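Analysis of the macromolecular model
For reference, the chains in residue letters:
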Amino acid sequence: MTKSPIPRVPLLPSEIHMTVNLHRRRVLRPIGAAGLFSVLSLTAGLQAPGRAYAQTAAPAPDAFILDLSNEVLNSVKADKAIQGGDLSRVIALVDSKVMPHVNFQRMTASAVGRHWRTATPEQQKRLQDEFKLLLVRTYAGALAQVRDQTIALKPLRANPGDNEVVVRTEIRGRGDPIQLDYRLERAGNGWKVYDFNVLGIWLVEQYRSSFAQEITASGIDGLISKLAERNRAASRA
């Protein structure tokens, strides 16, 4: 049976998106689609992480990125269904391996901005759920295309006691390298991702502008409806 092609899911409420082709550099701004979340799956071949965190309870943040990425990448390589484009298997992998390490409440609240404080608890929950589903599907579409790309870590500019750090990386393959950075927060004895940067554009900042426009036009419920509409369209594709 021939599998249906993996749908391209726009990240923003509008149709504007950005595609990062992992075999060559191609960008349509503002930011969007697959490049944002392909990053965690592409880190085979990473340089050794910094050693300054060796005496702390939490792993080094770049070591965290390395370990998580290799776990995901190995799962992809071992699963023929994922390599063949089975989107349901990719979504299951992303949801189980990657999403527990992302602080979606903080990411959603930051993207919604000042309007988050006026949203009801039910609206906040629906925003977070729809936003998460949208990003899971976007990540999944990129992950199914992983082949032989690698990521190089840039030097970590952080102290062992820092609770928030930026891990800077580059995707290397065919064509020009692609900048991919993470903002991480300390979470107990580990780390969680709360923002991503692709080619100099931070995900949350880009969403904040787009979400604000939608909220101004249609309110919080209008934004929720728009995100839900995109998710329904993706599930039917």
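Just above, that's the structure.
Residue numbering note: each chain is counted from 1, following its sequence as written. With pLDDT at 70 or above as the cut-off, local features in this predicted model cover only qualifying residues; side-chain atom pairs require 80 or more to be listed or tallied, and sums for whole chains, interfaces and linings still use all residues. Based on all heavy atoms of the structure, the side-chain values leave hydrogens and waters out of the count.

1. Section: helix α7 (residues 203-236)
In this model, α7 (34 residues) spans only 26 Å end to end at C-alpha, well below the 50 Å of a helix rising 1.5 Å per residue. A residue's bend is the angle separating two fitted axes: one through the seven residues that end there, the other through the seven that start there. Every helix listed is a DSSP run of H or I at least four residues long, and every strand listed is a run of E at least two residues long, numbered separately from the N terminus. At Ser218, α7 shows its largest bend, some 120 degrees. Expected helix span is given by 1.5 Å per residue-to-residue step, counting one fewer step than there are residues.

2. Things to note about helix α4 (residues 87-98)
An ideal rise of 1.5 Å per residue puts 16 Å on 12 residues; α4 measures up with 15 Å between its terminal C-alpha atoms. For α4, every residue scored as buried is listed here: Leu87, Val90, Ile91, Leu93, Val94 and Val98. Burial along α4 is one-sided: seen end-on, the buried residues are contained in an arc of 160 degrees. Per-residue accessibility, obtained with a 1.4 Å probe over protein chains only, is compared with the maximum for each type, and a residue is labelled buried under 20%, exposed over 50%, and partly exposed between these values. Taking the helix axis as origin, the arc is that swept by the directions to the C-beta atoms.

3. Concerning the side chain of His115
Tracing the sequence through the fold places His115 in the loop between α5 (104-112) and α6 (121-143). Judged by relative accessible area, which is 14%, His115 ranks as buried. Residue contacts are counted whenever heavy atoms from the two residues lie within 4.5 Å of one another. Sequence-distant contacts of His115, that is, excluding residues within four places in its chain, are made with Ile215 and Ile220.

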